[in-house]
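The lines below spell out each chain.
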Amino acid sequence: MTSQTSSPETSARRRLPRWVTSFGPQIIAALVVGLLLGLLAKEMGTVSDDEPNWLTTTLTVIGSSYVSLLKAAVVPLIFTAVVSSIANLREVSNAARLAWQTLLWFAITALIAVVIGILMGVLFQPGANADAEPPADYAGSTGSWMGFLTGLIPANFMGLTASSTAVDPETVTTALNFNVLQVLVIAIAVGIAALKVGAPAAPFLSLNASALAVIQKVLWWIIRLAPLGTVGLIGRAVATYGWDTIGSLGMFVVAVYVGLALVVFVVYPVLIKAHGLSVKQWFSGAWPAIQLGFVSRSSVGTLPLTQRVTERNMGVPRAYASFAVPLGATTKMDGCASIYPAVAAIFVAQFFGIDLGFTDYLLIALVSVLGSAATAGTTGAVVMLTLTLSTLGLPLAGVGLMLAVDPILDMGRTAVNVAGQTVVPTIVAKRNGLLDAAIYNAKRNGDPFADDSAEVQAPVLVPAGGAGASAGAAPSSSAADASAAAKR
């Protein structure tokens, strides 16, 4: 037996109280601090010319800088993770079945969520008595089916898009952004091509696996700063919007949040329980990612932590999780693409006195299930909402009416998105006998970074012949080699 010695850093962490070292309590503490600082900043008011005060500006810079850090590292993560996951799937003969089951459960849960959204809109009647001024014609971002379909085609290898904004008649600013959905398409194409090439692609796949390990380490460092980013994001939201903006749109906000709560606290637990899994274990395992999704308002920004908890807490094999979670971060949007557009479309119809029929409700469901990828995992759901309104023929001017409360709603929407992105891989892995029950049922310590120094060997996929094997069965040597290669 070999003796193990603890590093000074590990010993110091053990001496500190659990609430200091655990990620969950740190986020909760940051939420409280951010709320208090936001209230203080709002009380301080604005300076001359309605400019934000120094505290509001500081909170804004901290929050936006943290989200920028997350997004900067996410694109290389998606590319390397998807390519590696496709390479790992060559070890199994049921890869196609796993992919189709993943998409099927994405659609099933999206359909359930949009039905709940429609029921909330009909029950709460959020637009019937809204005390707000009719908005001017909406001139912001809009969505269309043709735009969504053409957006799948990469314009360049990096999935880069440029947008220009006129600051004044003499100044135009141009910003470069990554189209996350295009990056996903490129990564899938490269991964499949590497498999088809065979042996000559081995050095490329090895380099890609090494790059993935390095990128993940950098992302864990960034995510460790989440408590600081939380202070800035929550503080800025409270200082800028406060609770006054909810006033005239209070019933709309309530309808959306009740729908979101039903999905997270009723629908997902029922699905988890129906597959013979512990609801408590799912909540405790997924909670770190759900918290980060709430404060960051970005499914893609939360992707690294979502994938980590799906593998380390849920017991989903890395080879499958590294495919399903990035796919879910760009297309699995029960909050932004199902509940919210359903309630918002009914709100707009009621506000403008337009009656919706049964066919209209069916169209809302169809758009939500098929068009959720149009949100592309970024902050906000305006594109998905305009896609829904334009399909129904409702006034796009209604979008402007809801922009005031959109940041408040986006926190809850993204938390639901992230929760769903952990549920579906867990269900599919369980249905195929791939879920590691020991990992799923293990005691949580509240810290998703506890195993940084000595990473736990992630469970791996087994060939189709072993799909019915127990979750705790030892992997074959070839599968273990594949998993080891993925960790390098």
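Fair warning: this is a prediction, and the values are worked out from it, not measured in the lab. (Residues numbered from 1 in each chain as written. Predicted model: local features only at pLDDT ≥ 70, side-chain atom pairs only at ≥ 80, totals over all residues. Heavy atoms only, no water.)

Caption draft 1: View of the packing of helix α5 (residues 95-124) against helix α18 (residues 406-431). Between α5 and α18, the least distance of the axes is 10 Å, while the angle of their chain directions is 130 degrees. What the angle tells us is that α5 and α18 run oblique. Of the two possible hands of crossing, α5 and α18 adopt the one that is right-handed. On the side of α5, the interface is formed by Leu98, Gln101, Thr102, Trp105, Phe106 and Thr109, while α18 contributes Val424, Ile427, Val428 and Arg431. Class assignment of the residues belonging to the contact of α5 with α18 gives a composition of 6 nonpolar, 3 polar and 1 charged. (Axes fitted to C-alpha atoms, helices over the stretch in contact; angles between N-to-C directions. Helix = DSSP H or I, 4+ residues; strand = E, 2+ residues; numbered from the N terminus. Parallel < 35°, antiparallel > 145°, perpendicular 65-115°, else oblique. Left-handed = near helix turned anticlockwise from the far one by under 90°. Contact = heavy atoms within 4.5 Å. Nonpolar A, V, L, I, M, F, W, Y, C, P; charged D, E, K, R; others polar.)

Caption draft 2: Main features of the packing of α5 against helix α14 (residues 335-351). Between α5 and α14, the shortest axis-to-axis distance is 7 Å and the interhelical angle comes to 30 degrees. By the angle class used here, α5 and α14 are roughly parallel. In the crossing of α5 with α14, the sense of the turn from one axis to the other is right-handed. Taken together, the residues of α14 that come into contact with α5 (itself represented by Ala110, Ala113, Val114, Gly117, Ile118, Met120, Gly121 and Val122) are Ser338, Ile339, Ala342, Val343, Ile346 and Gln350.

Caption draft 3: Layout of the packing of aromatic side chains. One pass over the full model with this rule turns up 7 aromatic pairs. Taken together, a centroid distance of 5.8 Å and an interplanar angle of 25 degrees make the contact between Phe265 and Phe283 stacked. A residue pair is termed long-range when its members are at least 10 positions apart, and Phe265 in helix α10 (residues 250-274) and Phe283 in helix α11 (residues 279-296) qualify at 18 residues. With a centroid separation of 6.1 Å and 80 degrees between ring planes, the pair formed by Tyr268 and Trp282 is classed as edge-to-face. Of this pair, Tyr268 sits in helix α10 while Trp282 sits in helix α11; the two residues are 14 residues apart in sequence, bridging distant segments of the chain. We classify Trp282 as buried; its relative accessible area is 0%. Each member of the aromatic cluster is reached from another via a ring pair, and the members are Phe252, Tyr340, Phe347, Phe351 and Phe352. Looking at Arg413, its charged tip hangs above the ring of Tyr340, at a distance of 4.2 Å from the centre. (Phe/Tyr/Trp six-rings, centres within 6.5 Å; stacked < 30°, edge-to-face > 60°. Buried < 20%, exposed > 50% of the residue type's maximum accessible area, 1.4 Å probe, protein only. Lys NZ or Arg CZ within 6 Å of the ring centre and 35° of its normal.)

Caption draft 4: Highlighting the nonpolar core. If you look at the biggest cluster of nonpolar residues, it comprises 111 residues, and the most contacted ones within it are Ile78, Phe252, Tyr268, Trp282, Tyr340, Leu394 and Met402. Of the residues forming this core, the biggest block, 14 residues, is contributed by helix α4 (residues 54-88). The contact partners of Trp282, leaving out residues within four places of it in the chain, are Val264, Tyr268, Ile272, Met314, Ala419, Thr422, Val423 and Tyr440. (Core = buried A, V, L, I, M, F, W, Y, C linked by side-chain atoms within 4.5 Å.)

Caption draft 5: Representation of the side chain of Gln281. Looking at the element boundaries, Gln281 is found in helix α11. There is a polar contact of 2.7 Å between the side chain of Gln281 and the backbone oxygen of Tyr440. What Gln281 contacts, discounting residues up to four positions off in sequence, is Met314, Tyr440, Asn441, Ala442 and Arg444. (Polar contact = N/O pair within 3.5 Å; in protein donor to acceptor, adjacent residues only side chain to side chain.)

Caption draft 6: Up close: the pattern of salt bridges. Taken as a whole and assessed by the stated rule, the structure comprises 3 salt bridges. For Asp334, the salt bridge identified is with Lys332, shortest N-O distance 2.8 Å. Comparing Asp334 with Lys332 shows no difference in burial state: the two are buried. For the salt bridge of Arg413 with Asp410, the shortest nitrogen-to-oxygen distance reads 2.8 Å. A residue pair is termed a helical-turn pair when its members lie 3 or 4 positions apart in one helix, as Arg413 and Asp410 do in helix α18 at 3 residues. Arg413 gets classed as buried once you look at its relative accessible area, which sits at 0%. Residue Asp410 is classed as buried on the basis of its relative accessible area, which comes to 0%. (Salt bridge = Lys/Arg side-chain N within 4 Å of Asp/Glu carboxyl O.)

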